[in-house]
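The lines below spell out each chain.
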Amino acid sequence: MQTFDQPLMNDGFDGEPAKRVLQYVKARKAAGSPVAGIYCGYAPMELFHAMDVTPAVLCAFSAVPIPAAETVLPANLCPLIKSSYGFIIEGTCPFFGLAQVVIAETTCDGKKKMFELIADIKPLFVMDLPQLPDRGGAQHQWRGMIRSLAGFLGANLGVAYDEERLESTIVASNRRNRLMQEIFDFAARVPSVLSWQEIYDIGFFAQAATPQDAIERLAPLPEKLQRRVDTGQCAAPASAPRVLVSGCPIGGDATKIYRLVEEAGGVVVLPDNCTGIKSFVGQIEENTGDPCGAIARRYLEIPCACMTPNERRLTALSQMIADFKPDAVIDFVLQSCHGYNVESAKVGVHVKETCGLPFLKIESDYSQSDLGQLRTRIEAMLETRRPAAVA
């Protein structure tokens, strides 16, 4: 294994992914772009950018503010929700401080009730997400929510909705997604030349940046990655077991899962979650004459466990396994995230019986107290794949 001879990202911002994005959001706000705090991958990013609003993903991946949240919220609630609320009531999330409005989607009951608790802090717009995406009327409902959001942004931030600008933003967003797929393809190589840290960093920035800014800063990366291929640099030896990590969003303290895989001698070749590849898969139909409708169709195809039935997740998993050639799949489930927890049973059967791979379900929170147990389980699973990987 060789270390990389130069950092992949070089965009004028310094530090960890969240700090880099914070600098970007601050710069955008200083240049006159209002900021909207968001929680979820269902927030229609193209609409924000078309209306010159900067989306900022609100803090939610740390164990630190959870004790404060538990003075109000039940202890057996999802840690992501408790962390989100704790950051807000403690005033320690810089993105929430920068945001003039907050956009919230009804992806789970816990979030819906938490939104009620913060509704009097800043202007809040709750998007009622249809969770039977294939039922008649779902796309019409979500299109209406997107149009209503445009009205909310206009009324609260003084920005204007323009369909032509939204169409051009869709085109740019599709270009960015194609570029992201080209970058992710380097993780599909054996050996991978893209580390999980870099995948996480790139995705974190690309979610916050305008499509144009993302394209400008990410366009040099395929050439840099090809140079790694040509010079024999890689994220891990070709013999390292390759792991696809699916499930709940992973960031901050939850990245312990990625680190444990790495410490066990494996390599994470794909994070299949909304802090990984999920936000950049697929294309929005262009030039339909109804850009909000096109956005609605694309976003309702996101295979989150809040949707039912969620066969799209299994179909997508099969394709990702074919493309990225993992030796094993880990399904990461946050404690008390009932949607992903229940769905994990179907995912496990699909991975083992249809795809023929080892499957490990990990249920955890943001604490470090289970590191030893998780390390043992991950090492045991990867050990079964080493002979095949070496061969």
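Above this text sits the structure in question.
Model, not experiment: these values are computed from the prediction.

**Student:** Summarise the environment of Tyr258; cite the residues concerned and give the values.
**Tutor:** Along the chain, Tyr258 turns up in helix 12 (residues 256-263). Sequence separation between Tyr258 and Val268 is 10 residues, and the spatial gap between their C-alpha atoms is 6.6 Å.

**Student:** Describe the sheet that holds strand 5 (residues 242-247), naming the residues involved and giving the relevant values.
**Tutor:** The strand order 6-5-7-8 describes an open sheet built from 4 strands, whose pairing is parallel. Bordering the open sheet on either side are strand 6 (267-272) and strand 8 (359-364), each of which pairs with just one other strand. Neighbouring strand axes in the sheet, compared pairwise and without regard to direction, differ in orientation by 25° on average. Direction of pairing for strand 5 relative to strand 7 (residues 328-334): parallel, over a ladder of 5 bridges. Pairing of Val243 across the sheet is with Ala328, part of strand 7.

**Student:** Mind laying out the packing of helix 4 (residues 79-90) against helix 6 (residues 109-118), listing which residues take part and the relevant values?
**Tutor:** Remark: helix 4 packs on helix 6, axes separated minimally by 10 Å, with the N-to-C direction vectors making an angle of 10°. Judged by the inter-axis angle, helix 4 sits roughly parallel to helix 6. Contact residues: Leu80, Ile81, Ser84, Tyr85 and Ile88 in helix 4; Gly110, Lys111, Met114, Leu117 and Ile118 in helix 6. For the contact of helix 4 with helix 6, the residue count by class is 7 nonpolar, 2 polar and 1 charged.

**Student:** Account for helix 13 (residues 291-299), naming residues and giving values.
**Tutor:** Burial within helix 13 is extensive, with 8 of its 9 residues counted as buried. Residues Pro291, Cys292, Gly293, Ala294, Ile295, Ala296, Arg298 and Tyr299 constitute the buried set of helix 13. Looking at the packing, one finds that the buried side of helix 13 touches helix 2 (45-50), helix 7 (138-157) and helix 8 (163-184).

**Student:** Can you tell me about the nonpolar core, naming the residues and giving the values?
**Tutor:** Most often, soluble globular proteins have nonpolar side chains that are buried together. Formed by 100 residues in total, the largest nonpolar core has its most connected members in Phe48, Ile103, Trp142 and Leu153. No other element matches the 9 residues that helix 7 contributes to this core. In contact with Leu153, not counting residues within four places along its chain, are Leu47, Phe48, Met51, Val101, Ile103, Gly158 and Val159. Ranked by size, the runner-up nonpolar core spans 40 residues in total, among them Val193, Ile199, Ile202 and Ala236.

**Student:** Which residues make up the state of the cysteines, and what values go with them?
**Tutor:** The full count for this structure, using the stated rule, is 1 disulfide. Between Cys59 and Cys93 runs a disulfide, and the two sulfur atoms are separated by 2.5 Å. Across the S-S bond of Cys59 and Cys93 the torsion is about 80°, and the bridge reads as right-handed. You can see Cys59 sitting in the loop between strand 2 (54-57) and helix 3 (66-69) and its partner Cys93 sitting in the loop between helix 4 and helix 5 (94-98), a full 34 residues away along the chain. Exposure class is identical for Cys59 and Cys93. Each is buried.

**Student:** Before we move on, can you summarise the environment of Val102 with the specific residues and values?
**Tutor:** With respect to the secondary-structure elements, Val102 resides in strand 3 (residues 101-105). Along the sequence, Val102 and Gly37 sit 65 residues apart, while their C-alpha atoms lie 4.5 Å from each other. Sequence-distant contacts of Val102, that is, excluding residues within four places in its chain, are made with Gly37, Tyr39, Leu58, Phe96, Lys122, Pro123, Leu124 and Phe125.

**Student:** Now, about the side chain of Thr275: what can you tell me, with residues and values included?
**Tutor:** Relative to the helices and strands, Thr275 resides in the loop between strand 6 and helix 13. A distance of 2.8 Å separates the side chain of Thr275 from the backbone oxygen of Ile250, its partner in a polar contact. In terms of polar contacts, Thr275 uses its side chain to reach the side chain of Asn273, at 2.8 Å. Sequence-distant contacts of Thr275, that is, excluding residues within four places in its chain, are made with Phe61, Tyr200, Pro249 and Ile250.

What counts, and at which threshold
Residues numbered from 1 in each chain as written. Predicted model: local features only at pLDDT ≥ 70, side-chain atom pairs only at ≥ 80, totals over all residues. Heavy atoms only, no water. Helix = DSSP H or I, 4+ residues; strand = E, 2+ residues; numbered from the N terminus. Pairing = 2+ DSSP bridges. Axes fitted to C-alpha atoms, helices over the stretch in contact; angles between N-to-C directions. Parallel < 35°, antiparallel > 145°, perpendicular 65-115°, else oblique. Contact = heavy atoms within 4.5 Å. Nonpolar A, V, L, I, M, F, W, Y, C, P; charged D, E, K, R; others polar. Buried < 20%, exposed > 50% of the residue type's maximum accessible area, 1.4 Å probe, protein only. Core = buried A, V, L, I, M, F, W, Y, C linked by side-chain atoms within 4.5 Å. Disulfide = S-S within 2.5 Å. Polar contact = N/O pair within 3.5 Å; in protein donor to acceptor, adjacent residues only side chain to side chain.

Just distances and angles here, no functional claims.
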